[in-house]
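What follows is the residue order along each chain.
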Amino acid sequence: MSIATHAPTAGELARQQQLHQAEELLFTGPHRRSLAKELFWGRLAADLLLPYPRLSDDERPKVAAVLDELKTFCDAHLDPAEIDRQADVPREVIDGLGRLGVLGMTAPESVGGRSFSQLAYCRVLEELGSRCSATSIFVNAHHSIGMRALLLFGTAEQKQRWLPDLVSGKKLAAFALTEPQAGSDAANVQTMATPSADGASYVLNGGKRYITNAAIADVLTVMARTPIPGRDDTQVTAFLVTPDMPGFRIVTPRMEKLGIRGTATSTLAFHEMAVPRENILGQLGKGLKVALTVLDFGRTTFGACCTGLAKTCLRLAAEHARTRIQFGQPLGAFELVQEKLARMAASTYAMQAMTTVTAGLIDRGLDDYMLETAMLKVWSTEALWTIVNDAFQIFGGAAYFTDQPLERILRDARINLIGEGANEVLTSFIALVGMRDVGEELRTVRDSLWHPWHERDLLAAFARRWLLQFVHIPRIPVQSRELAPYAWTLSRLLHHFGLIVDWTLIRHREAILDRQLVQEPIARAAMELFASLCVLSRRDAELLASDGESKDRDASSHGPRRQHGAASAANRSWGLSRFLWRPCSAWYPATRMGLSPSENPAATLFFAQSARRIRQALRQVHDHDHAAIVRAAADVLRWG
């Protein structure tokens, strides 16, 4: 997007190459609708949010049966404390999960899988995540990213060769991307794959580190650089690698770690390792596409595992607050403890809603959900870390000792903010990818101003779009009367967010690419909007279901339920005259409604607190300490 006016330095050339790779990877092809991307225009893709996803009538009893079997198995055989002490997930646990179908839930039945939807698989991973983080991450590494690449990009021959054993658990999978110079910077893979003289294979040289399941895997998806024919450049290609290939070496079988100790995290080396050409996974040179697509699935099940662990923390904290007596009262009687419990409940409710909506987008067959999965990963992992900390504080000194599970839970949860994309990297990713289409339109309009007469149709279309955005508050079509005030609050915040995105891009233009302190509040506001909208969708479905049960509403005879008058009035788009007469405080509406009998206290609290966080993030776009932060950091970097 930026154009140098002088001879570019080596650093600038590398930067331009990275931008070119990102553009080629993320933005090629026709524009695809996305619930998250629409937010950056100040709009809502209501058909992608509502109705709230649910399991099909056919799948629901199957999932319930699997969950019952999994709970029984975990009660009898899964000991997270012992797994942590021994730093190993026992083979009998792996075999048991294979028999239950957990290791191949989404694989087709033709290869022994259950053909479960992503939403159904998330329900299973939520239960496993509530029990043992190490085991859930082992399953996530095997199925969600290790085997998923083969499911999505493998040829018929590749699938038939490997999937049956991977689905059953006879063989295990791993996903090998991370290197010393390539972690969140996935495009910086240095492992090389050079074609052999006869063209029958590629010879790999390099190494990988921090690879989950690597020491126990029978099939690994490995990312390596391959030359581009006729050019001096290279591109990343995905390969299917097996440990029996000459030149494959496990340098460190099990790296010692702070948490998730049961997972086998390894360092690998490849020396003159010949990989048959037929082991290329996907297209030659399209390995980054394979990697990022697979990580989208992994981040979704990440959200499910975090939800399960959050529920465990909430249960433990609530039990302790009820039974622990201090100053003659249960801990739960003290308001500062109540504050933590309420916050934990609100965040857990939202985490599950976000996971369900994101999984639903995948199940609907949409092509673009990379922003939603990134938002889910960042938001849920940070919320979980706060939940773990709150539970730890409620337990007090007892939590610090190994006879309580919170000590292990705290160690296990910390990796979530780093794994499958560091949260700082994903925060910038959310802001830049979200603003990209809006920025492209503004750049085109700016360029058109040099030839206004020839580009008058484009300029007129932009003027109409911007004027409409300025006066039009988007409608959130919830059907429950109780949610009308919250929907209207979110509508106004979404409207304001769209205007702030325009203003930010007009002010910073191409420099926004390097202004991470500017990107952060934009990304934070977008994530909170997404979280609140998911909660709104979930609560609307719950209220409709309870309303149907209590009133025995016959939807088939009366047709689709119409909106209540209060909801319709609260959610309609307001015209220019009414907009102009709104007081300034309308930009930051308060959400202080009392509870009705049908309301969910955790959801109600989440709406209020999330709206406050959105307002705070939008204020930080203008009211910030960026210059002071940069100077203080420079001083630390210079003098230590």
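Everything numeric here is computed off the predicted structure, so don't read it as measured data.

Along its length, the chain carries 22 helices and ten strands. Counted over contacts in the chain with a minimum sequence separation of 6, partners at least 24 positions apart contribute 76%. Accessible surface, the chain: about 29,400 Å² in total, of which carbon and sulfur atoms supply 55%.

Let us look at the side chain of Arg225. With respect to the helices and strands, Arg225 occurs in strand 4 (residues 219-227). Here Arg225 occupies a buried position and makes no salt bridge, while the nearest side chain of opposite charge, Asp233, is found at 5.5 Å. Only 3.1 Å separates the side chain of Arg225 from the side chain of Thr234, close enough to count as a polar contact.

A few words now on the packing of aromatic side chains. Per the counting criterion, the structure on display carries eight aromatic pairs. A ring pair is formed by Tyr202 and Phe239, whose centres lie 5.5 Å apart and whose planes are at 55°; its orientation type is tilted. In this pair, Tyr202 sits in strand 3 (residues 201-212) while Phe239 sits in strand 5 (residues 234-241), placing the two residues 37 residues apart along the sequence. The buried category is assigned to Tyr202, whose relative accessible area is 4%. By relative accessible area, which is 0% here, Phe239 ends up buried.

All right, on to the pairing of strand 2 (residues 192-195) then. Sheet analysis places strand 2 next to strand 3, joined by four bridges and oriented antiparallel. Across the sheet, residue Ala193 finds its bridge partner in strand 3, namely Leu204. From the end of strand 2 to the start of strand 3, which pair antiparallel, there are five residues, and Gly199 there has a positive phi angle of about 75°.

In this section: unusual backbone geometry. Cis rather than trans, the peptide bond between Leu50 and Pro51 has omega equal to -5°. Assignment of secondary structure puts Pro51 in the loop between helix 3 (46-49) and helix 4 (59-77). In the Ramachandran plot, Tyr210 falls in the positive-phi region, its phi being about 60° despite a non-glycine side chain. Relative to the helices and strands, Tyr210 resides in strand 3. Residue class for Tyr210 comes out partly exposed when judged on its relative accessible area of 45%. One non-glycine residue with positive phi stands out, namely Glu420, at about 55°. By relative accessible area, which is 16% here, Glu420 ends up buried.

Between the first and last C-alpha of helix 8 (residues 133-153) there are 28 Å, a value that for 21 residues agrees with the 30 Å anticipated at 1.5 Å per step. Of all 21 residues in helix 8, 19 are buried; the element is thus mostly enclosed.

Glancing now at helix 13 (residues 405-413). Of all nine residues making up helix 13, seven are buried, and the element is well covered by its neighbours. Considered for burial, the residues of helix 13 that qualify are Leu406, Glu407, Arg408, Ile409, Arg411, Asp412 and Ala413. If you follow the buried residues of helix 13, they end up packed against helix 5 (80-86), helix 7 (118-131), helix 8, helix 10 (287-323) and helix 12 (370-395).

The subject of this paragraph is the environment of Phe153. One can find Phe153 in helix 8. Between the alpha carbons of Phe153 and Ala238 there is a distance of 9.8 Å; along the sequence they are 85 residues apart. Setting aside chain neighbours within four positions, we find Phe153 in contact with Gln158, Leu281, Gly282, Lys289, Val290 and Thr293.

We now examine the environment of Arg515. With respect to the helices and strands, the residue Arg515 is situated in the loop between helix 16 (484-508) and helix 17 (516-551). Considering only alpha carbons, one finds Arg515 and Ser428, 87 residues apart in sequence, at a separation of 9.1 Å. In contact with Arg515, other than residues within four places in its own chain, are His508 and His626.

Let us now look at the packing of helix 7 against helix 10. The N-to-C vectors of helix 7 and helix 10 enclose an angle of 40°; their axes lie 7 Å apart at closest approach. When the axis of helix 7 is compared with that of helix 10, the two are oblique. In this structure, helix 7 crosses over helix 10, and the sense of that crossing is right-handed. Listed contacts from helix 10 to Gln118, Tyr121, Cys122, Leu125, Glu126, Gly129 and Ser130 of helix 7 are Phe297, Thr300, Thr301, Ala304, Cys305, Thr307, Gly308, Leu309, Lys311 and Thr312. The residue inventory of the contact of helix 7 with helix 10, partitioned by class, reads seven nonpolar, eight polar and two charged.

Moving on to the pattern of salt bridges. Evaluation of the coordinates by the stated rule reveals 25 salt bridges. Across the pair Arg54 and Asp57 runs a salt bridge whose closest N-O atoms are separated by 4.0 Å. For Arg54, a relative accessible area of 60% puts it in the exposed group. A relative accessible area of 60% means that Asp57 is categorised as exposed. Residues Arg85 and Glu82 are paired through a salt bridge, measuring 2.8 Å at the closest nitrogen-oxygen approach. Taken as a pair, Arg85 and Glu82 lie in helix 5 at a separation of three residues, close to a single helical turn. The class of Glu82 is partly exposed, set by a relative accessible area of 30%. Where salt bridges share partners, they join Arg54, Asp57 and Arg60 into one cluster.

In this model, the chain carries a mean pLDDT of 86, and residues with pLDDT of at least 70 account for 83%. Across residues 1-5, confidence stays below pLDDT 50; counting only partners more than four residues off in sequence or on other chains, it has six contacts. In this model residues 553-595 is a low-confidence stretch, pLDDT under 50, and it forms 70 contacts with partners more than four residues away in sequence or in other chains.

Reading the values: rules and limits
Residues numbered from 1 in each chain as written. Predicted model: local features only at pLDDT ≥ 70, side-chain atom pairs only at ≥ 80, totals over all residues. Heavy atoms only, no water. Helix = DSSP H or I, 4+ residues; strand = E, 2+ residues; numbered from the N terminus. Contact = heavy atoms within 4.5 Å. Areas by Shrake-Rupley, 256 points an atom, 1.4 Å probe, with all protein chains shown as cover. Buried < 20%, exposed > 50% of the residue type's maximum accessible area, 1.4 Å probe, protein only. Lys, Arg positive; Asp, Glu negative; His and termini not counted. Salt bridge = Lys/Arg side-chain N within 4 Å of Asp/Glu carboxyl O. Polar contact = N/O pair within 3.5 Å; in protein donor to acceptor, adjacent residues only side chain to side chain. Phe/Tyr/Trp six-rings, centres within 6.5 Å; stacked < 30°, edge-to-face > 60°. Pairing = 2+ DSSP bridges. Expected span 1.5 Å × (residues − 1). Axes fitted to C-alpha atoms, helices over the stretch in contact; angles between N-to-C directions. Parallel < 35°, antiparallel > 145°, perpendicular 65-115°, else oblique. Left-handed = near helix turned anticlockwise from the far one by under 90°. Nonpolar A, V, L, I, M, F, W, Y, C, P; charged D, E, K, R; others polar. pLDDT = per-residue confidence, 0-100.

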